[in-house]
Each structure stands twice: as structure tokens, then as C-alpha cells.
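Next come the chains, spelled out residue by residue.
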Amino acid sequence: MQFSDLDIQSIHKVVGAFAPNTELAVAKFDAGRCAYYGARQGGKEVEQIDNHASVFEIGSLTKLFTNAVLAQLACEGKLALGEPISSHIDLTTRDNVQITFESLATHTSGLPKLPPGLLWQALFKRKDNPYAAYLEADLLAHLANDIKIKSQTQHEYSNLGIGLLGYVLAKIEQMSFSELLQKRIFEPLKMPHSFCNWRDVHGELVMGLNTRGEATSNWDLGVLQGAGAILSSVQDLGQFALAHFDRIHDWVKLQQQITFEQGHTKMGLGWYVIDSADKTDKVYFHDGGTGGYSSAMILDIDNRLGYIILSNISGMHKLKGQKVTELAFELMQN
């Protein structure tokens, strides 16, 4: 199984629109079989490279892994999705509003996208590493005093919410978020090039590029690691995809179940679920972006088809930040 000429043309077109040293790593699944393709903008032309084991920040694809841990703990009876998180850890919210595990997973907790002041940090003070100084004390103080929780019936994407979920799961298991992912996901699924801290990476870490095509800092996610801290390769992420194709684990089945539906928005635990045009198949999707990277994962579970894309294209591009997401859907249509 190989990449088609049309696939390669689509990949090269995206890479060719960016600065020298921009690269894409792509995993393709067809009937559950996997192939890889890598491309780099060499300056004069786009060249094929072997980067299937190279490590990139995966941004919000991390949310799929945070929710995979949630599904595991639910399947083991350590928590119930409908329970408030305060039944497991000592945590106070303004006006004593209860937040459930499921509402965090489906972005219906009423929490804002970002904690107070973080957008200002991202735009001005710490734009190269905006989450680094946001620590546990900040999170707990903001929840208790500053954050007014809005409607818990509407879907509002929240990095704060999934970051909080990762924090709570780690507290329940009495280990760091990094240790939690290693124990429950990376080691069992044989993902040796996956990490929660860029300083721990062994192997080739691809340099992230900012919106000007210049080398930029890797991100530290502070207390909100569950929202976007993971670095990985398409080869490793392929192991996670295969687990979802095989459906041999109860947690995978639970993660794929639709737990929220409103209008055109359907969600499993972390997954956005999209119906095919004829309503016969479902596509599971998520994407991600950081200051130096963009990513996407799109899977047709029933037909064992899909793509994983990692890149060092900045997710902060105003006009080009969605190119990797658009490419994922284009490849599926191919």
C-alpha cells in the first residue's frame, strides 16, 4: 500500500507554500495497513524525506490521550463520567458550580477557552511559551475566585477544561500527568517516541517554526498539560490509531461512543464525530496547533481508513493555520 500521486501532490502543495525547513510527516491507513510519507521544503523545491519516527509537538491531539485515560478509569470503575470532579479531589469553584468528567471531555463544562490573563500572556508577555508559568496554584485560585462558569448545555471548546481534566486524572492516580500517560498509553501501545516534555525527547525533535518561518521555542503547558503537552511521531500515533481500528479494548469502545450531540456537533470522549454524506459511516477527527507546529488525525473506524499528519507549520498563522486540517480532509476525499 502506497501513497497515490494525488496524495503526494496534495502534500507537496502544502509544504511548498511555506518557508524553507517546513516539513510534513504523514501516516496513511488503508484497510488497517499503514504507509508513511515525509516531505520538506528545501528552499528551491519540495523533497521527500523519511521522518516517520521524527518527533513533533502534537498540540490538541493530546486531548485524545487525556480522554483515553478518562475512558480507562471509567471502565475500571474508578470514576463515573457523570460524577462531579469534586467528588474525587478537593476543589472549589466560584458559586460552587459542579463540573462533571463528561462535561470536561465534551467541552460543555461552561469553562472558558483559556484561563484569565492567558490570552494577554500569549499575545504580549510570553507569546513564545504562553502556558509555561500557569501552575497549580493559579488554576485552583482562578477556579475558586475568578472564573464564572457559563451554560453547561452549550459546546464551547476549552483548553482550560481539558487541562483541568488531565490535572484531576493525575491527582486520582497519584502521579504526574507525564507518568500517567507513560503508564497507561505510551508503554502499553508501544509508543517509545512519545513524551509530555520536550526536554525528555530522545531521537529527532523537529524544530518548530513560527509564522515567519523562523525557529521558535517549544511549549511548556504548565498545569494544563492535558490540553496539549504531548510530543510524538506519526509512527507512534499510528499505534493509537490501530487501537481504535481494532476495538479490542473496552476503553476504546467507550471513547468512540457519542456522548454529546447538539446541532451539527457530535462528540465522543475527545473525538469529534462527523457523518459521511450518505450517513452510512462516521469519521473521527481532531486537530491541533502550537506556536511552532500543526497536526491532525482523521479516522474512518469502520473501514479502517485514515490519515495522521504532523508538521512544523505554526498553528498561529492567521491565514495558513488551518492548512494541515484542510489537507487531512482533502486526503480522505482523495
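The shown structure was predicted, so the numbers you read here are calculated from the model rather than taken from an experiment. (Residues numbered from 1 in each chain as written. Predicted model: local features only at pLDDT ≥ 70, side-chain atom pairs only at ≥ 80, totals over all residues. Heavy atoms only, no water.)

Novice: Give me the overall build of the protein chain: which residues, what numbers.
Specialist: In terms of regular secondary structure, the protein chain is built from 10 helices and 11 strands. Dimensions of the protein chain, computed from the C-alpha atoms along their principal axes, are close to 60 × 45 × 35 Å. Taking all 334 residues of the protein chain together, 53% fall into the buried category. Across the protein chain, the fraction of contacts at a sequence separation of at least 24, relative to all contacts at a separation of at least 6, is 68%. Between the centroid of the 29 positive side chains of the protein chain and the centroid of its 37 negative side chains there is a distance of 4 Å. (Helix = DSSP H or I, 4+ residues; strand = E, 2+ residues; numbered from the N terminus. Buried < 20%, exposed > 50% of the residue type's maximum accessible area, 1.4 Å probe, protein only. Contact = heavy atoms within 4.5 Å. Lys, Arg positive; Asp, Glu negative; His and termini not counted. Charge placed at Lys NZ, Arg CZ, Asp CG, Glu CD.)

Novice: Quick rundown of the pattern of salt bridges? Include the residues and the values.
Specialist: Applying the stated rule across the entire model yields 17 salt bridges. Ionic pairing is found between lysine 78 and glutamate 76, a salt bridge with its closest N-O pair at 3.8 Å. Given the relative accessible area of 38%, lysine 78 is considered partly exposed. On the basis of relative accessibility, which here comes to 43%, the residue glutamate 76 falls in the partly exposed class. A salt bridge links glutamate 261 to lysine 266; the nearest nitrogen and oxygen atoms lie 3.8 Å apart. The exposure class of glutamate 261 is exposed, given its relative accessible area of 51%. Judged by relative accessible area, lysine 266 falls into the buried class, the value being 15%. Shared partners join several salt bridges into a network, and the residues in it are Glu76, Lys78, Glu173 and Arg184. (Salt bridge = Lys/Arg side-chain N within 4 Å of Asp/Glu carboxyl O.)

Novice: Account for the packing of aromatic side chains, naming residues and giving values.
Specialist: Under the counting rule described, the total for this entry stands at 9 aromatic pairs. Centre to centre, the rings of phenylalanine 65 and phenylalanine 240 are 4.2 Å apart; their planes meet at 35 degrees, and the pair counts as tilted. Taken together, the residues phenylalanine 65 in helix H2 (residues 62-75) and phenylalanine 240 in helix H8 (residues 234-246) connect sequence positions 175 residues apart. One aromatic cluster is present, built from ring pairs that chain together Phe65, Phe186, Phe240 and Trp251. Directly above the aromatic system of phenylalanine 3 lies the positively charged group of lysine 28, at a separation of 5.7 Å from the ring centroid. (Phe/Tyr/Trp six-rings, centres within 6.5 Å; stacked < 30°, edge-to-face > 60°. Lys NZ or Arg CZ within 6 Å of the ring centre and 35° of its normal.)

Novice: Before we move on, could you go through the environment of leucine 231 and cite the residues and values that matter?
Specialist: When you line up the elements, leucine 231 lands in strand S5 (residues 231-232). The exposure class assigned to leucine 231 is buried, which follows from its relative accessible area of 2%. Spatially, the C-alpha atoms of leucine 231 and asparagine 218 are 9.9 Å apart, while their sequence positions differ by 13 residues.

Novice: Got a sec to walk through helix H7 (residues 177-186)? Specific residues and values, please.
Specialist: Of the positions making up H7, those classed as buried are Phe177, Leu180, Leu181, Arg184, Ile185 and Phe186. Angular distribution of buried residues about the axis of H7 spans 150 degrees; they occupy a single face of the element. The inward-facing, buried residues of H7 contact H2 and helix H6 (159-173). (Arc of directions from axis to C-beta.)

Novice: Just give me the short version of helix H1 (residues 5-16), but keep the residues and values in it.
Specialist: For H1, with 12 residues, the first-to-last C-alpha span of 16 Å sits near the 16 Å given by 1.5 Å per residue. Those residues of H1 lying buried are Asp7, Ser10, Ile11, Val14 and Val15. Down the axis, H1 shows its buried residues gathered within 130 degrees of arc, on one side only. In H1, those exposed residues whose orientation departs by more than 90 degrees from the buried face are Asp5, Gln9 and Lys13. (Expected span 1.5 Å × (residues − 1).)

Novice: Quick one: what's the story with the side chain of arginine 184, residue by residue and with numbers?
Specialist: Tracing the sequence through the fold places arginine 184 in helix H7. Of note is the side chain of arginine 184, whose polar atom sits 2.8 Å from the side chain of glutamine 72. (Polar contact = N/O pair within 3.5 Å; in protein donor to acceptor, adjacent residues only side chain to side chain.)

Novice: So what's going on with the nonpolar core? Residues and values would help.
Specialist: Ranked by internal contacts, the top residues of the largest apolar core, which has 72 residues, are Phe65 and Leu164. No other element matches the 8 residues that H2 contributes to this core. In this structure, leucine 164 is in contact with Ile85, Leu91, Ile99, Leu104, Leu111, Leu139, Leu143 and Leu224, ignoring residues within four places of it in sequence. If you look at the next biggest cluster of nonpolar residues, it comprises 22 residues, including Ile11, Val15, Ala35 and Leu327. (Core = buried A, V, L, I, M, F, W, Y, C linked by side-chain atoms within 4.5 Å.)

Novice: For the packing of helix H5 (residues 136-146) against H6, give the residues involved together with the corresponding values.
Specialist: It is the contact of H5 with H6, at a shortest axis distance of 12 Å, that shows an interaxial angle of 115 degrees. Between H5 and H6, the crossing angle belongs to the class labelled roughly perpendicular. Viewed along their axes, H5 and H6 form a crossing whose handedness is left-handed. Packed against H5, whose contacting residues are Glu136, Leu139, Leu140 and Leu143, the element H6 presents Leu160, Leu164, Tyr167 and Lys171 at the interface. (Axes fitted to C-alpha atoms, helices over the stretch in contact; angles between N-to-C directions. Parallel < 35°, antiparallel > 145°, perpendicular 65-115°, else oblique. Left-handed = near helix turned anticlockwise from the far one by under 90°.)

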